[in-house]
Amino acid sequence: MNYTPTKKEVRENIEAKLSRYFGCTPAEASRDQMYKAVSMTVKDILTEKRGDFKHKVNDSGAKRVYYMSIEFLLGRSLKTNLNNLGLADEYNEALKDFGYDLETVYECEPDAGLGNGGLGRLAACFMDSLSSLDYPATGFSICYEYGLFKQMIVDGMQVELPDIWLPGGEVWLVPRTDRIYHVKMGGRIKENWKDGHLEILYEDCEEIEAVPYDMMISGADSEAVSQLRLWKARDIHNFNMGLFTQGQYARAVEESTNAEIISKVLYPSDNHMEGKLLRLSQQYFMVSASCQSIIRDHMAVYGTLDNLADKVAIHINDTHPALCIPELMRILVDEYFYDWDRAWDMVCKVCSYTNHTVMPEALETWNEDLFGLRLPRIHSIIKEINGRFCREAWKSFPGNWNRISKMSIIGYGQVRMANLCVVGSHSVNGVSKLHSDILTKTVFKDFYAMYPEKFCNVTNGIAHRRWLCYSNPSLAGLLDECIGTGYRHDPQALSEFAKFADNKEILEILRAIKHQNKIEFSNRLYKKTGKAIDTHSLFDVHVKRLHEYKRQLLNTLNIIGLYLDIKENPNKEFQPQSFIFAAKAAPGYYMAKNIIKLIYFLGKEIENDPVVREKLSVNFLEDYNVSMAESLIPAAEISEQISLAGKEASGTGCMKLMINGAMTLGTLDGANIEMLNAVGKENMYIFGLTSAEVDDIWFRGYNSAEFYANNERIRRIVSALNTGFAGESFSDIANYLISGPGIPDPYMCLADFDSYHMTRERAIRDYADKEKWNRMSLMNIAAAGYFAADRSIDEYAQNIWNLKKMTGKKS
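A brief look at the structure comes next. For every chain, the first residue of its written sequence is number 1, and the numbers climb from 1 along that sequence. Reporting in this predicted model follows two pLDDT cut-offs: at least 70 for local features of residues, and 80 or more for side-chain atom pairs to be given and counted; totals over whole chains, interfaces and linings ignore these cut-offs and use all residues. Remark: hydrogens and water are excluded; side-chain values derive from all non-hydrogen atoms of the structure.

1. Points about the sheet that holds strand β15 (residues 414-416)
Just so we agree on the cut-off: Strands are labelled as partners when DSSP assigns at least two bridges between them. Only DSSP runs of H or I reaching four residues or more are called helices, and only runs of E reaching two or more are called strands; each is numbered from the N terminus.
Strand order in the open sheet made by the three strands is β13-β15-β14, with antiparallel pairing throughout. In this open sheet, the two strands that pair with only one neighbour each are β13 (365-367) and β14 (410-411). With three bridges connecting them, β13 and β15 associate as antiparallel partners. Within the sheet, the bridge partner assigned to threonine 365 lies in β15 and is arginine 416.

In structure tokens form, the structure reads like this:
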């Protein structure tokens, strides 16, 4: 097939799709029909290209990586695929002949509802780089019918609505009904020796079909097209016609509905038993189908599993896919009759694990009774793994039962997924240098003492082509003129841009590009919401999942202080500032939702004040997603990365903002530390306690009331919370900071407040010096190349997966 069709061929392909699938001509087609026809032609190119690359991999016997993640936050596919294939111009010209604009067609595509935040976006960036660097790779996840949720803000309250993405997104999916697998849950198991082998018999189990839907992930100017295989659950019995003919319609569909619930929604609420059971079922469903698929494909190429560890790498992205470890053991021992020791050696060599959190409450555990009822065979395998591990740990720590009990996979009635990942993987990595260091000193300290060779660091990275080249084409054009196009494939070549730090003409062009991006974002926001933002104000951007440790509250407290300053002295000179928040709170997370409410009502009060609104605005963006980020991030000027030191594993939003020239205002946490080393302290705004200082204060006893008593500004702000904004009191947040319930101010907003406020004031003063600010922006762009996913993937491939590229591209 021709991977680079001409404009004429593009037109003909689109016309053929419209005629075949919609029975219309380009003149008769709706925008949605045109979008789908265009997407089908692009999918055809990718599918053919994927087939050719797969044959090349099979013929060469190359090792492959299988990347398992419960979420992939892909965003829209059409724009990225056309840019990666180098066909955007051809399609744009062809669509103009039909009276369409390519940008308009892009807007028809919904964001794929397959992810939530940083974890899923990282997985998507990694798939992009795996393809772009020509590594053989497949991703595995679930084909959720509904995404996390569609967020609406109604009178300040977050309301969750279904995220219905498939009607527009399924055009990218290729159903593979020839690759259906069966997943068994529940019931009972019986052991029976037969022909010298242990036979496992399942009784009264629930058997679910896993139907694969494949999505092609393109690479930039590469041979490779990676495959993201998404599993949809389907009841094996389909439909009970007997009950239906008796008029029992609800019962007739109940069984199939129960099975299909597994792939309905990403992250179902788990604050009740049914939710926990569903999440566990989702995770096992995904890994069981994926492991069966991996084994089937391997056997089709090699006819034996003896070389599995030489040809297959399975990567566990956070703990959600942890059950692939016992599931692989089940397949090797129960179905292929390997002895335990041989199977375990293979599994450990195949599996590797990335940890994404240092917060103990975020490390997944399951009630053992629930686990045993839902997954009886997997439970028995984990008990065997755990027993053998504890005996091994006894040799390392003889007599230290307390230490071994903390390391145990099963303990105190809980099955611990993180411990399972460490025990069953040959490599365990954190996602920033600080995070990896904290893992070996705290969370996995005992494992590190036992298996020091397992632990390493791979700092996260972003898909720089998407977040710079495609999202900020004006900046990419400037870079092309200044340093050439090499950085598009070798992101660390961005460092050459630093040579222009004192070039006033380039600095002025950089300023103009940023301002134009602000105008374009403001226009987009106005079109969507009817609200305009002053494009001559400073754009301060705080976009990430809503969680207390990410400290949107600290930012909001400072804004309240600025509001009070203006009210007290309205004639004082003040740099106009627009604060832009975007975040989703977990449906059951009361405090996070209350912080959203505070931001909303603070913004409402400011908007209602004719004096203050000329200098200050607070904007909460509803239903933030990848597409919105692609417009906002190029417009940002201050990037808020203000988590409490020691809590953020890495962060990738900070990298996207940095590569687009925003200035980081942040703590010494996560990837901020490495960004500081790359760009220098003169080009970042660092404030607050270090992780060691945080630990020391907690050890001595943190008392937020002391900061309240000794700081007049904090007292004024807390008093304003009690009074409230736009008629709504936030005394509960004031109490949360000073007196509890629970530990007051658990993420130390008041301890870091003064440092944050003073550092931000310094940034505002620097902003007034346009040349200095633009130079700092340029230096951030020049230093951002290290934080590209291409570098991260090369490190994984070389140091963890032992994976080779299928071309001679430079690493």
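2. Some remarks on the sheet that holds strand β23 (residues 685-686)
Keep this limit in mind: Any two residues whose heavy atoms approach within 4.5 Å at even a single point are treated as in contact. Axis definition: a line fitted to C-alpha atoms, limited for helices to the stretch in contact. Angles are taken between N-to-C directions and run from 0 to 180 degrees.
Strand order in this open sheet of six strands is β20-β19-β18-β21-β22-β23, and the pairing throughout is parallel. Two strands lie at the open edges of the sheet, namely β20 (616-621) and β23, each paired on one side alone. Pairing of strand β21 (residues 638-641) with strand β22 (residues 663-666), which is carried by four bridges, proceeds in the parallel orientation. Looking at β22, one finds that glutamate 640 is bridged to leucine 665. Lying over the sheet, helix α23 (residues 552-568) contacts β18 (538-543), β19 (577-582), β20 and β21, oriented at roughly 155° with respect to β19.

3. Notes on the packing of helix α21 (residues 473-483) against helix α22 (residues 504-529)
To keep things clear, this is the line we draw: Working rule for angles: under 35 degrees goes down as roughly parallel, over 145 as roughly antiparallel, 65 to 115 as roughly perpendicular, anything else as oblique. The handedness criterion is simple: a crossing whose near helix is rotated anticlockwise from the far helix by less than a right angle is left-handed, and one whose near helix is rotated clockwise is right-handed. Amino acids outside the nonpolar list (Ala, Val, Leu, Ile, Met, Phe, Trp, Tyr, Cys, Pro) and the charged list (Asp, Glu, Lys, Arg) are all regarded as polar, and Gly is one of them.
It is at 10 Å that the axes of α21 and α22 come closest, and there the two elements cross at 160°. By the angle class used here, α21 and α22 are roughly antiparallel. With respect to the hand of their crossing, α21 and α22 are arranged in right-handed fashion. On α22, the residues touching Ser474, Leu475, Leu478 and Cys482 of α21 are Ile506, Ile509, Leu510 and Ile513. Of the residues assigned to the contact of α21 with α22, the class counts are seven nonpolar, one polar and no charged.

4. Some thoughts on helix α24 (residues 590-607)
The periodicity of an α-helix, 3.6 residues per turn, causes residues three or four positions apart to be oriented the same way. Here is the rule we go by: A helix is expected to reach a length of 1.5 Å times the quantity of its residues less one. Exposure is judged per residue with a 1.4 Å probe applied to protein chains only, and the accessible area is read against the type maximum: over 50% gives exposed, under 20% gives buried, and values in between give partly exposed.
With 18 residues, α24 ought to run about 26 Å at 1.5 Å a step, and its terminal C-alpha atoms sit 26 Å apart, in line with that. The buried count for α24 comes to 13 of 18 residues, which makes it a mostly enclosed element.

5. Digging into the state of the cysteines
Cut-off, in case you're wondering: Disulfides are defined as pairs of cysteine sulfur atoms found within 2.5 Å of each other.
Under the criterion given, the structure shown has zero disulfides. Unpaired in this structure, cysteine 125 has its nearest cysteine sulfur neighbour in cysteine 654, at a distance of 12 Å. Cysteine 125 gets classed as buried once you look at its relative accessible area, which sits at 1%. With no disulfide of its own, cysteine 205 has cysteine 291 as its nearest cysteine by sulfur position, at a separation of 18 Å. By relative accessible area, cysteine 205 is classed as partly exposed at 24%.

6. Structural notes on the packing of helix α6 (residues 118-132) against helix α34 (residues 789-801)
A pair of packed helices is captured by two measures, namely the crossing angle of their axes and the spacing between those axes. Axis separation between α6 and α34 bottoms out at 9 Å; the angle between their running directions is 75°. The pairing of α6 with α34 is recorded here as roughly perpendicular in orientation. Together, Cys125, Phe126, Ser129 and Leu130 of α6 and Ala789, Asp790, Ser792, Ile793, Tyr796 and Trp801 of α34 make up the contact between the two elements.

7. Considerations on the packing of aromatic side chains
Note the following rule: In this analysis, rings of Phe, Tyr and Trp, with Trp reduced to its six-membered ring, are considered paired at centre separations within 6.5 Å, and the interplanar angle assigns stacked below 30 degrees, edge-to-face beyond 60, and tilted for intermediate values. Placement of a positive charge over a ring is assigned whenever Lys NZ or Arg CZ falls within 6 Å of the ring centre and within 35 degrees of the normal to the ring plane.
One pass over the structure, following the stated rule, counts 22 aromatic pairs. With a centroid separation of 6.2 Å and an interplanar angle of 45°, the aromatic rings of phenylalanine 444 and phenylalanine 455 are classed as tilted. With phenylalanine 444 in the loop between α18 (433-443) and α19 (445-450) and phenylalanine 455 in strand β17 (residues 455-457), the pair connects residues that are eleven residues apart, well separated along the chain. Phenylalanine 455 shares its class with phenylalanine 444; the two are buried. Pairwise contacts between aromatic rings join Tyr67, Phe72, Phe126, Tyr796 and Trp801 into one cluster. Sitting over the face of the ring of tyrosine 3, lysine 49 holds its NZ or CZ atom 5.7 Å from the ring centroid.

8. Digging into the pattern of salt bridges
Threshold: We define a salt bridge as a side-chain nitrogen of Lys or Arg found within 4 Å of a carboxyl oxygen belonging to Asp or Glu.
What the rule picks out here adds up to 58 salt bridges. Here aspartate 111 makes a salt bridge to arginine 76, at a shortest N to O gap of 3.7 Å. Residue aspartate 111 is found in the loop between α5 (102-106) and α6, and its partner arginine 76 is found in the loop between β1 (64-68) and α3 (78-85); the two are separated by 35 residues along the sequence. A single burial state applies to aspartate 111 and to arginine 76, both of which are buried. Between arginine 176 and aspartate 214 there is a salt bridge, with its nearest N and O atoms 3.7 Å apart. Here aspartate 214 lies in strand β9 (residues 206-218) and arginine 176 lies in the loop between β5 (173-175) and β6 (181-185), a separation of 38 residues in the sequence. For aspartate 214, a relative accessible area of 1% puts it in the buried group.

Keep in mind these numbers describe shape, not what the thing actually does.
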